[in-house]
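As a plain string of letters, each chain reads:
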Amino acid sequence: MEPLTSAGHTLYFESDLAALKVLLESNKYSKIFVLADEHTSEICLPLFQSILDFSEFDLIETSAGEENKNIDFCIGIWKTLLDFEADRKSLMINLGGGVITDMGGFIASTYKRGIDFINIPTTLLSQVDASVGGKTGIDIDNVKNMVGTFTLPQMVFIETAFLKTLPERQLLSGFAEMIKHGLIYDKPYYEKLKASSYLTPTAADIYRSVEIKNEVVTIDPHEKNLRKILNFGHTIGHAIEGYSLANDENPLTHGEAIAIGFVCEAALSINNSTLSTEELEDISKYILSLYPKYRIKKESHNTLLDLMKSDKKTKMETSYSHF
Ligand SMILES: NC(=O)c1ccc[n+]([C@@H]2O[C@H](COP(=O)([O-])OP(=O)(O)OC[C@H]3O[C@@H](n4cnc5c(N)ncnc54)[C@H](O)[C@@H]3O)[C@@H](O)[C@H]2O)c1
């Protein structure tokens, strides 16, 4: 598949990491670090190594999960980089889902005022969404992505081979961002997704999602205007995700939370945009057929409102339709 260029860096699809092999063989970097979580180091690292036939790196492993996308882990990893004498010519390869690419990107973009990093997203969600746009970040006190930077990786590699080991719930989570891309930008793509199964995402559909996001962020890289459409479902979704993280033993995934956000924000769009009642019904019916319902007690509504106010996207209108 043709690579996509985005603001000067390249996203490679199904390329067997060929460009990475060339880069690593160029000896441009003094040290190479691979950041992975406990699952991706066990499951994805062997595949990464077998594709690349490369072992000249130090592995930094973190615990898995959104609750670890925080400043404490960053401090630990910055200190590890120091201990391993990482200098400004070091390279960090982030091998994992959106938690690893967001946090690894943030760590790399700030360590010694910034070192190069490469993202190899291994979940559907991180491939279709977190892979493009240059947002890095971490959460503070359950407020999502409270601190972060806009920094582009040197390269991004999307390999669907990594998805073979992904649990079903994580496939469903990533599928939510694909649905969003259809809803905000490409109705025929939305209809195509509706006729497909989240269990078997195709490379072509992943490519289409990345293409849509890339088109949007290329026009508006710093989220002044058009890029805000990518936040559809996220103001409410992030608050629900933060609430669930703080209160549930088995918290909602990012995709499950924003899917709830789609329905709520589509409902708001009835009065604030051109979305029709029929379209709202269609969206609600489809989302409810895929994603679990989530009940939040009335006494917690103010907590949700507070989380929404702290969301960095608060200034956007929460409703949007581009149907
Ligand atoms: N930067 C952006 O533009 C952007 C966009 C969307 C989402 N995000 C962020 O992405 C994060 C969510 O990412 P996520 O859904 O990938 O979560 P995640 O990184 O927590 O991964 C989900 C789980 O899947 C496991 N996993 C990863 N790859 C695997 C594989 N190939 N096989 C088996 N297990 C695997 C992980 O270890 C983890 O347990 C959120 O923090 C969200 O804010 C960022």
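Residues numbered from 1 in each chain as written. Predicted model: local features only at pLDDT ≥ 70, side-chain atom pairs only at ≥ 80, totals over all residues. Heavy atoms only, no water.

Draft legend 1. Focus on the site of the ligand. Close to the ligand lie 28 residues, the nearest being Asp37, Glu66, Lys69, Thr123 and Thr165. In the model, an oxygen atom of the ligand is placed 2.5 Å from a nitrogen or oxygen of the glutamate 66 side chain. At 2.7 Å, a side-chain N or O of lysine 69 approaches an oxygen atom of the ligand. Here the ligand loses 92% of its free accessible area of 870 Å² to cover by the protein chains. Those elements that provide at least two residues to the shell around the ligand are helix H2 (38–52), helix H4 (98–110), helix H5 (124–130), strand E8 (143–150) and helix H6 (168–185). (Near = heavy atom within 4 Å. Polar contact = N/O pair within 3.5 Å; in protein donor to acceptor, adjacent residues only side chain to side chain. Areas by Shrake-Rupley, 256 points an atom, 1.4 Å probe, with all protein chains shown as cover. Helix = DSSP H or I, 4+ residues; strand = E, 2+ residues; numbered from the N terminus.)

Draft legend 2. Geometry of the nonpolar core. Core analysis: the biggest nonpolar cluster contains 41 residues, and Leu11, Leu124, Phe175, Met178, Ile179, Phe262 and Tyr291 have the highest contact counts within it. Of all the secondary structure elements, the ones that give two or more residues to this core are strand E2 (9–13), H5, strand E9 (155–158), H6, helix H7 (187–194), helix H8 (203–219), helix H10 (254–272) and helix H11 (277–290). The dominant element in this core, judged by the number of residues it contributes, is H6, at eight residues. Three or more residues apiece are contributed to this core by two domains, here domain 1 (4–164) and domain 2 (168–310). Aside from chain neighbours lying at most four places away, what touches phenylalanine 262 is Ala176, Ile179, Lys180, Leu183, Phe232, Gly233 and Ile287. Core analysis: the next-biggest nonpolar cluster, separate from the first, contains 24 residues, Tyr12, Leu17, Phe48 and Leu52 among them. (Core = buried A, V, L, I, M, F, W, Y, C linked by side-chain atoms within 4.5 Å. Buried < 20%, exposed > 50% of the residue type's maximum accessible area, 1.4 Å probe, protein only. Domains from an automatic or database assignment. Contact = heavy atoms within 4.5 Å.)

Draft legend 3. Structural detail: the side chain of threonine 62. Mapped onto the secondary structure, threonine 62 falls in strand E4 (residues 58–62). On the basis of relative accessibility, which here comes to 5%, the residue threonine 62 falls in the buried class. Every residue in contact with threonine 62, bar those within four places of it in the chain, is listed here: Leu35, Ala36, Asp37, Glu38, Phe73, Ile77, Ile100 and Met103.

Draft legend 4. Geometry of the confidence of the model for the protein chain. Of all residues in the protein chain, 96% have pLDDT values of 70 or greater, and the mean over the chain is 93. Under a pLDDT of 50 for its full length, residues 316–323 has, in the predicted model, 25 contacts with residues more than four places off or in other chains. (pLDDT = per-residue confidence, 0-100.)

Draft legend 5. Quick peek at the pairing of E2. With respect to burial, E2 is a largely interior element, five of its five residues being buried. Because side chains alternate across E2, one face comprises the buried residues His9, Leu11 and Phe13, and the other comprises Thr10 and Tyr12, equally buried. Here three bridges tie strand E1 (residues 4–6) to E2, and the two strands are oriented antiparallel to one another. Looking at the pairing, serine 6 lines up with histidine 9 of E2. (Pairing = 2+ DSSP bridges.)

Draft legend 6. Geometry of H7. Within H7, the full set of buried residues consists of Tyr189, Tyr190 and Leu193. Axial view of H7: buried residues confined to an arc of 105°, hence all on one face. Along its buried surface, H7 packs onto H6, H8 and H11. (Arc of directions from axis to C-beta.)

Draft legend 7. Main features of the packing of H7 against H11. Packing of H7 against H11 brings their axes to within 12 Å, and their N-to-C directions diverge by 35°. The element H7 and its partner H11 pack so that their crossing is left-handed. Taking contact as the criterion, the partners of Lys187, Tyr190, Leu193 and Lys194 in H7 are, on H11, Glu279, Asp282, Ile283 and Tyr286. Its residues placed into classes, the contact of H7 with H11 shows four nonpolar, no polar and four charged. (Axes fitted to C-alpha atoms, helices over the stretch in contact; angles between N-to-C directions. Left-handed = near helix turned anticlockwise from the far one by under 90°. Nonpolar A, V, L, I, M, F, W, Y, C, P; charged D, E, K, R; others polar.)

Draft legend 8. Representation of the environment of threonine 101 within the structure. Mapped onto the elements, threonine 101 comes out in helix H4. Taking the C-alpha atoms as reference, threonine 101 lies 37 Å from serine 276; in sequence the two are 175 residues apart. With sequence-adjacent residues up to four places away left out, threonine 101 is seen in contact with Asn94, Gly96, Asn119, Pro121, Ser126 and Ala130.

Draft legend 9. Quick look at unusual backbone geometry. For glutamate 14, which is not a glycine, the phi torsion comes out positive at approximately 45°. Phi is positive for asparagine 27, which is not a glycine, with a value near 55°. Examined against the element boundaries, asparagine 27 turns out to sit in the loop between helix H1 (18–25) and strand E3 (32–37).

Draft legend 10. Quick look at the domain arrangement of the protein chain. Domain annotation for the protein chain reports domain 1 (4–164) and domain 2 (168–310). A C-alpha centroid distance of 24 Å is found between domain 1 and domain 2. Every contact between the two is made by 26 residues of domain 1 and, on the other side, 32 residues of domain 2. Summing both sides of the interface, domain 1 and domain 2 together bury roughly 2,400 Å²; the carbon and sulfur share of this comes to 69%. At the boundary of domain 1 with domain 2, the tally comes to four salt bridges. A salt bridge links lysine 213 to aspartate 129; the nearest nitrogen and oxygen atoms lie 3.7 Å apart. Inspection of the region where domain 1 meets domain 2 yields eight residue pairs in polar contact (both at pLDDT 80 or more). Classifying every residue of the side of domain 1 that touches domain 2 by side-chain character gives twelve nonpolar, eight polar and six charged. (Buried area = accessible area lost by both parts, 1.4 Å probe. Salt bridge = Lys/Arg side-chain N within 4 Å of Asp/Glu carboxyl O.)

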